[in-house]
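What the coordinates show
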Amino acid sequence: ALDFTDTATGTSSVDFANTPAGKWLYENAHSYGFILRYPDKKQDITGYSYMPWHYRYVGVESAQYMQKHHLVLEEYLALLKESAR
């Protein structure tokens, strides 16, 4: 997992999502195998508040699938577990 900050603005809070760096990460991280670990409106599933600076490496294939289907890690792992049955 990685935590990002925008040193140009000194932003390392929820406001990070509105910085150029935060916007770029949100739009492109999945192309490099990273996911936004705790997205907004998924707190009931992840158990954590929105953290737009916190990314996790899951691999390109998994990250792209999760992004395409709007899944968080918990949902993706449950889907994999179910498909293995």
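First, a word on scope: everything that follows refers to the structure included in this document. (Residues numbered from 1 in each chain as written. Predicted model: local features only at pLDDT ≥ 70, side-chain atom pairs only at ≥ 80, totals over all residues. Heavy atoms only, no water.)

Turning our attention to the overall build of the protein. Looking only at helices and strands, the protein has 4 helices and 3 strands in total. Listed by position from the N terminus, the elements making up the protein come as β-α-β-α-β-α-α. Taking the principal axes of the C-alpha coordinates as reference, the protein spans close to 50 × 25 × 20 Å. The long-range share in the protein, meaning contacts at least 24 apart out of those at least 6 apart in sequence, stands at 50%. For the protein, the distance from the average position of its 8 positive side-chain charges to the average position of its 10 negative side-chain charges is 6 Å. (Helix = DSSP H or I, 4+ residues; strand = E, 2+ residues; numbered from the N terminus. Contact = heavy atoms within 4.5 Å. Lys, Arg positive; Asp, Glu negative; His and termini not counted. Charge placed at Lys NZ, Arg CZ, Asp CG, Glu CD.)

Let's shift gears to the packing of aromatic side chains. As enumerated under the stated definition, the model contains 5 aromatic pairs in all. Considering the side-chain rings of W24 and Y32, the 6.0 Å spacing of their centres and the 35 degrees angle between planes classify their relative orientation as tilted. With a relative accessible area of 44%, W24 lands in the partly exposed category. (Phe/Tyr/Trp six-rings, centres within 6.5 Å; stacked < 30°, edge-to-face > 60°. Buried < 20%, exposed > 50% of the residue type's maximum accessible area, 1.4 Å probe, protein only.)

We now examine the pairing of strand 2 (residues 34-38). With 4 of 5 residues buried, strand 2 is to be regarded as a mostly interior element. Note: strand 2 against strand 3 (residues 51-57), 4 bridges, orientation antiparallel. Note that in strand 3 the partner of L36 across the bridge is Y55. (Pairing = 2+ DSSP bridges.)

All right, on to the environment of Y76 then. If you trace the backbone, Y76 turns up in helix 4 (residues 73-83). Given the relative accessible area of 11%, Y76 is considered buried. Placed 10 residues apart in sequence, Y76 and M66 show a C-alpha to C-alpha distance of 6.8 Å. Contacts of Y76, omitting those with residues within four sequence positions, involve S62, Y65, M66 and L71. At a separation of 3.0 Å, a polar atom in the side chain of Y76 contacts the side chain of S62. (Polar contact = N/O pair within 3.5 Å; in protein donor to acceptor, adjacent residues only side chain to side chain.)

In this structure the tally under the stated criterion is 4 salt bridges. Salt-bridge contacts for R85 lead to E82; the nearest nitrogen and oxygen are separated by 3.8 Å. Residue class for R85 comes out exposed when judged on its relative accessible area of 69%. (Salt bridge = Lys/Arg side-chain N within 4 Å of Asp/Glu carboxyl O.)

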